[in-house]
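Examining the three-dimensional arrangement
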Amino acid sequence: MLSKNRLNALSIWLVVFAFCASGAMAQQPAVPTWQATSLWPDRIIVTLDQDPKTTFSVSWRTDASVTQTRAEIIAAEAHSRFDLGASVVEAQSQTVNLKAKEIDGTTHSLQWNTHLDSASYHTAQFAGLNPDTLYAYRVMGAEGYWSEWLQTRTAPANAEPFTFLYFGDAQDGLDSHWARVIRAAYRTAPDSRFAIHAGDLVNFGSRDYEWAAWFKSVSFIHGMIPALPVAGNHEYYDGIRNPEGGQLTALSLLWRPQFALPTYADLPPDVAETVYATRYGNTLIVTLDTMADQYFAEQAQWLDNILAASDARWKVVAMHHPLFELLERNIPGVVDTGPERRSLFLPIIEKHGVDLVLQGHDHAYGRGAVISRGGSRAGSRRQRISTVYVSTSSGAKMYGIKNDAWQAFADTGAVLQRQAENTQFFQIIRISNDAITYEAFTATEQLYDAFRIEKQSRGPNRLIELPTDLTTDRTFENTGEYVNGRYDIPPEVESPQ
Ligand SMILES: [Fe+2]
């Protein structure tokens, strides 16, 4: 039996412990829950392979203690024990040091990843699947720590119609202002088969807490709708400039661990998983890396080859920097690669009859086409065109369009047909055998731009303007507040004070 004194001492310690525990509970956690790692899988994202009829990959994250794990997959069924007999696929796992980055053999400290030292990233590739089939899959963290079952559909074997989403730069205000855009897109076209993010998904590509904000906004959507991410300048922008103070260098250390994308033996290793292609139904989608200017010639050659080898009815190219810019930009120390991109990529796009080029970077909206010579009357709502070019934006950052934008490119035949400032957009693109139907919606789900590209039995495509909800051009003058020509969205929270 305990003496009275010892009982008193124990009571005091219990009171002290209870006080401390309640104090600790009252404090905010060191890391917001959506940034913290754990034994559970999070940031689950499906990406497409070169042949999405039969293959897709899923990537996810855990804390660094998980170094080996797995996923399961089975064709989805309507009954509740669809999961019995699921196939097991071992994951490829890697631990990423979030506070260090090696560039040219030198390790640089990334001061902003102060809340997490490291995390483990896992990828499982599901191959040998049946086309146009709904699959259920789940991923594991530590042993027994399973995700929910998620469902995604493989690509059709033939030319069945399909829908996909296209987003411009998210970049700023990710978990405050961008979330509503991707969720409105999902609400408007839940049947979308994949989503293209045309670069600058975040502001600083190596800040883990910005990816935390991006994935928080995405929520479960990319567990079901595969992503095709394009690398932009901000995926390269890790705050480290080369010694000459020139171009921003080095792809985000999180890019390859968190996205599983196709790689090619005939491309330089530096552009692995930023230059890739996928064949979805009757459409070839090719992604370029406009930051890798040292490899523009190699990318152009590869683009030429892959377009020449494809029998796809439709060809779409996605890249971050637009070939026809909307803005007047002169950033000290940053070389304008526009002339080089136009001289290398434009002739190949024209030569192979690429139908649609999807881009970002300008933080404004611009859509136009290269008009076929002698094929159209000025001002007509039906025009013969070679390629449609779009640049758009989905996040909070907004820039103004220069006067007479695209005039500088008139010698190419490019004509700007619809533009907007100070507006967050998402795009829904529907592809059938005969036509591409394109719609650009505001975050408030109003149709701002719409057109159809019709494939002709002979000669160039026909572009047909479609009616929209909004007909007036949105500009800084007729839309909302904008502070001092700069966006004034608070940055993503790194961690509480
Ligand atoms: Fe950009």
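Shown above is the structure to which this text applies.
Residues numbered from 1 in each chain as written. Predicted model: local features only at pLDDT ≥ 70, side-chain atom pairs only at ≥ 80, totals over all residues. Heavy atoms only, no water.

**As for the packing of aromatic side chains**
As a reminder of what qualifies: In this scheme Phe, Tyr and Trp rings, the latter by its six-membered ring, pair at centre separations within 6.5 Å, and the angle between planes marks the pair as stacked below 30 degrees, edge-to-face above 60, and tilted otherwise. Helix and strand definitions follow DSSP, with helices as H or I runs of at least four residues and strands as E runs of at least two, each counted in order from the N terminus. Only protein chains enter the accessibility calculation, which uses a 1.4 Å probe; a residue whose area is less than 20% of its type maximum is buried, one above 50% is exposed, and one in between is partly exposed. Remark: a charge is flagged as sitting over a ring if the NZ atom of Lys or the CZ atom of Arg is within 6 Å of the ring centre and within 35 degrees of the ring normal.
A full pass over the atoms with the stated rule returns 28 aromatic pairs. For the ring pair Phe162 and Tyr280, a centre distance of 4.9 Å and an interplane angle of 55 degrees mean the geometry is tilted. Placement of the pair is Phe162 in strand S11 (residues 162-167) and Tyr280 in strand S14 (residues 276-280), with a sequence separation of 118 residues. What makes Tyr280 buried here is its relative accessible area of 1%. Among the aromatic residues, those joined into a cluster by ring pairs are Phe167, Trp178, Trp211, Trp214, Phe215, Trp255 and Phe259. Lying over the aromatic face of Phe204, Arg207 brings its terminal NZ or CZ to 3.7 Å of the ring centre. Positioned above the aromatic ring of Tyr448 is the side chain of Arg418, whose terminal nitrogen or guanidinium carbon lies 3.7 Å from the ring centre.

**Let's talk about the pairing of strand S2 (residues 56-62)**
For clarity, the cut-off: The criterion for strand pairing is that DSSP finds at least two bridges linking the strands in question.
Taken across its 7 residues, S2 has 7 buried, putting it largely inside the fold. Here strand S1 (residues 42-48) pairs with S2 via 5 bridges, running antiparallel. Following the sheet pairing, Leu48 is matched in S2 by Phe56. Of the strand pairs in this sheet, S2 and strand S8 (residues 118-126) are connected by 7 bridges, and their pairing is antiparallel. Residue pairing across strands places Arg61 opposite Tyr121, the latter belonging to S8.

**So, unusual backbone geometry**
Despite not being glycine, His361 has its phi angle at roughly 80 degrees, a positive value. Locating His361 in the fold gives a position in the loop between strand S17 (356-359) and strand S18 (365-371). When its relative accessible area of 10% is taken as the criterion, His361 is described as buried. Its identity is not glycine, yet His363 carries a phi of approximately 55 degrees, on the positive side. Relative to the helices and strands, His363 is located in the loop between S17 and S18.

**Focus: helix H7 (residues 296-309)**
What counts here: Multiplying 1.5 Å by the helix residue count minus one yields the expected span of that helix. Residue contacts follow a heavy-atom distance rule, with two residues in contact if any of their heavy atoms lie within 4.5 Å.
Compared with the 20 Å implied by 1.5 Å per residue over 14 residues, the 20 Å span of H7 between its first and last C-alpha is a close match. Looking at H7, one finds that the buried residues are Phe296, Gln299, Ala300, Trp302, Leu303, Asp304, Ile306 and Leu307. Lining the buried residues of H7 we find S14, strand S15 (283-287), strand S16 (314-318) and helix H8 (338-351).

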